[in-house]
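# Analysis of the macromolecular model
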Number of protein chains: 2
Amino acid sequence: MSSRIKEIENKLVHAKFKLTTPRRLIMEILLENEGDHLTAEDIHNRLREKGHQVGLATVYRTLELFCELDILSRLNFEDASSYYELEEQDQHHHHLICLSCNKIIEFSDELLEDFMESIEKKYGFEVTDHKIKYLGYCSDCHD
Amino acid sequence: MSSRIKEIENKLVHAKFKLTTPRRLIMEILLENEGDHLTAEDIHNRLREKGHQVGLATVYRTLELFCELDILSRLNFEDASSYYELEEQDQHHHHLICLSCNKIIEFSDELLEDFMESIEKKYGFEVTDHKIKYLGYCSDCHD
DNA sequence: ATAGGAAATGAATTCCATTATCACTTGAAA
DNA sequence: TTTCAAGTGATAATGGAATTCATTTCCTAT
Ligand SMILES: [Mn+2]
Ligand SMILES: [Mn+2]
Ligand SMILES: [Zn+2]
Ligand SMILES: [Zn+2]
């Protein structure tokens, strides 16, 4: 069992949940596809391809649980589905979405820290998360 | 007919569309509720309250058209629905979303202009729109 | 070890916002 | 007027997600 899985298990146990077989299988898919943005159905399909049968409802429930425990982030691009990615403890990143080819380009937001702090002061709003999306045309799709 | 409606009509006509009765009625609802964030169903209900019968499908189609013409913005908060608000030509704004009471607080993004420009340079990405959400707890809901 | 019970699962169903369909209406142009 | 594309609205369909509920898993107390 990878140390990464162990780390997840600690988070689960700390919150009084168990690392069950379906949860472990789902986490393995997420780790194998780290860096991708996967839908619940993507994950369900990859499980089936590997010969594991996990109910789609369990996939949804597990993704929701992992989000609550900050193991995952739920992303909403400009379509109907939710996408999930492993939360990176060190650097939070955001997304550039190409309106032409739907390419997703990631960028970090170090430069935004000051702005976030000014928001907290100005509005007395305690920021716990932020979601920033830039929409437009990637270098392949303009000019 | 208000000058605001006239302005919208110009945009429509310029794009080869007509200001039909359903479209005008929907625009009136939006103007009467300027500053609010309304769902398609909200708008449909307010039309019915005023005795106007417009099909829900037409409400959806009109909202989509208005978004394409940059008359409206479509907003996605953290729930399943889309919310719409009139696009303000002068100052673009964003939203603080309270995770406790669901209050929406608006803020402008003047300070972010520099950051957006750095994104354009760094990635050769032509930004046409951006969506920024800060999630957390408003002043009524923390401490 | 065994029994009890809470937590978790999965097949099926339901939900619900949104989109598609299609017959009908409208209104501008010929 | 006639024509015909654009627009409309009742309804059905779609699809991602949530819910239901019978069953299974697995920890705990005896
Ligand atoms: Mn990402
Ligand atoms: Mn707003
Ligand atoms: Zn592109
Ligand atoms: Zn609040």
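Every value quoted in this text rests on a predicted model; they were computed, and no experiment measured them.

## A closer look at the overall build of chain A
- Assigned secondary structure in chain A consists of 5 helices and 5 strands.
- Taken from N to C terminus, the helices and strands of chain A fall in the order α-α-α-α-β-β-β-β-α-β.
- Expressed as lengths along the three principal axes of its C-alpha atoms, the size of chain A is roughly 45 × 40 × 25 Å.
- Counting every position in chain A, which comprises 143 residues, the buried fraction comes to 41%.
- Summarising the internal contacts of chain A: among those between residues at least 6 apart in sequence, 49% fall at separations of at least 24.
- Taking the average place of the 17 positive charges on the side chains of chain A and the average place of its 29 negative ones, the gap between the two points comes to 9 Å.

## A look at the protein's contact with DNA strand D
- Surrounding DNA strand D, one finds 17 residues, the nearest of these being Y60 and S82 of chain A together with T20, T58 and R61 of chain B.
- Of all atoms in DNA strand D that approach within 4 Å of the protein, 68% are sugar or phosphate atoms.
- Within the side chain of E41 of chain A, an N or O atom sits 3.4 Å from a phosphate oxygen of DNA strand D.

## Examining the coordination of the zinc ion (ligand 4)
Residue and element names in this part refer to chain B.
- Taken together, C98 (SG), C101 (SG), C138 (SG) and C141 (SG) make up the protein donors of the zinc ion (ligand 4), found 2.3 to 2.4 Å from the metal.
- Coordination at the zinc ion (ligand 4) is tetrahedral: its 4 donor atoms span angles of 103 to 114° at the metal.
- The sequence pattern describing where the donors of the zinc ion (ligand 4) fall on their chain is C-x2-C-x36-C-x2-C. Separated by 40 residues along the polypeptide, C101 in the loop between strand 3 (93-98) and strand 4 (104-108) and C141 in the segment after strand 5 (126-137) bring together distant segments of the chain.
- Exposure remark for C141: the relative accessible area of 26% places this residue in the partly exposed category.

## With respect to the relation of the copies chain B and chain A
- Note on the copies: chain B fits chain A at an RMSD of 0.1 Å, the axial shift is 0.0 Å, and the rotation between them is 180°. One copy is carried onto the other by what is essentially a two-fold rotation axis. It is I132 of chain B whose C-alpha, among those of chain B, lies nearest the rotation axis, at 2.1 Å.
- A shared interface surface links the copies, since 100% of the contact residues of chain B are contact residues in chain A too.

## Brief notes about the domain arrangement of chain A
Residue and element names in this part refer to chain A.
- What the domain assignment lists for chain A is domain 1 (2-86) and domain 2 (94-136).
- Distance from the C-alpha centre of domain 1 to the C-alpha centre of domain 2: 24 Å.
- A combined buried area of about 560 Å² lies between domain 1 and domain 2, and 56% of that area is made up of carbon and sulfur atoms.
- Contact with domain 2 buries surface across domain 1, with H37, F77 and E78 losing the most and accounting together for 68% of the total.
- The interface formed by domain 1 and domain 2 includes 1 salt bridge.
- Here domain 1 and domain 2 share 5 residue pairs in polar contact (both at pLDDT 80 or more) between them.
- Within the side of domain 1 that touches domain 2, the residues separate by chemical class into 2 nonpolar, 3 polar and 3 charged.

## A closer look at the coordination of the zinc ion (ligand 3)
All names here are of chain A.
- Distances from the zinc ion (ligand 3) to its protein donors, namely C98 (SG), C101 (SG), C138 (SG) and C141 (SG), fall within the range 2.3 to 2.4 Å.
- For the zinc ion (ligand 3), the 4 donor atoms in the first shell make angles of 104 to 114° at the metal, a pattern classed as tetrahedral.
- Between consecutive donor residues of the zinc ion (ligand 3), the sequence gaps follow C-x2-C-x36-C-x2-C.
- With a relative accessible area of 0%, C98 lands in the buried category.

## Brief notes about the pattern of salt bridges
- Taken as a whole and judged by the stated rule, the model has 12 salt bridges over all chains.
- The partner of E32 of chain A in a salt bridge is K50 of chain A, and the shortest N-O contact between them spans 2.7 Å. Linking E32 of chain A in helix 2 (residues 21-32) with K50 of chain A in the loop between helix 3 (40-49) and helix 4 (56-68), this pair joins segments that are 18 residues apart in sequence.
- On the accessibility criterion, E32 of chain A (51% relative accessible area) is exposed.
- A salt bridge links K133 of chain A to E78 of chain A; its shortest N-O distance comes to 2.8 Å. Pair noted here: K133 of chain A is in strand 5 (residues 126-137) and E78 of chain A is in the loop between strand 1 (72-75) and strand 2 (83-86), with a separation of 55 residues, a long-range link.
- Here the salt bridges share partners, and the residues they tie into one network are E78 and K133 of chain A together with K131 of chain B.

Rules used in this analysis
Residues numbered from 1 in each chain as written. Chains lettered and ligands numbered in written order. Predicted model: local features only at pLDDT ≥ 70, side-chain atom pairs only at ≥ 80, totals over all residues. Heavy atoms only, no water. Helix = DSSP H or I, 4+ residues; strand = E, 2+ residues; numbered from the N terminus. Buried < 20%, exposed > 50% of the residue type's maximum accessible area, 1.4 Å probe, protein only. Contact = heavy atoms within 4.5 Å. Lys, Arg positive; Asp, Glu negative; His and termini not counted. Charge placed at Lys NZ, Arg CZ, Asp CG, Glu CD. Near = heavy atom within 4 Å. Polar contact = N/O pair within 3.5 Å; in protein donor to acceptor, adjacent residues only side chain to side chain. Donors = N, O, S within 2.8 Å, 3.2 Å for Na, K, Ca; no water. Tetrahedral: all angles 85-135°; square planar, octahedral: opposite > 155°, others 65-115°. Least-squares fit on C-alpha atoms with pLDDT ≥ 70 in both. Domains from an automatic or database assignment. Buried area = accessible area lost by both parts, 1.4 Å probe. Salt bridge = Lys/Arg side-chain N within 4 Å of Asp/Glu carboxyl O. Nonpolar A, V, L, I, M, F, W, Y, C, P; charged D, E, K, R; others polar.

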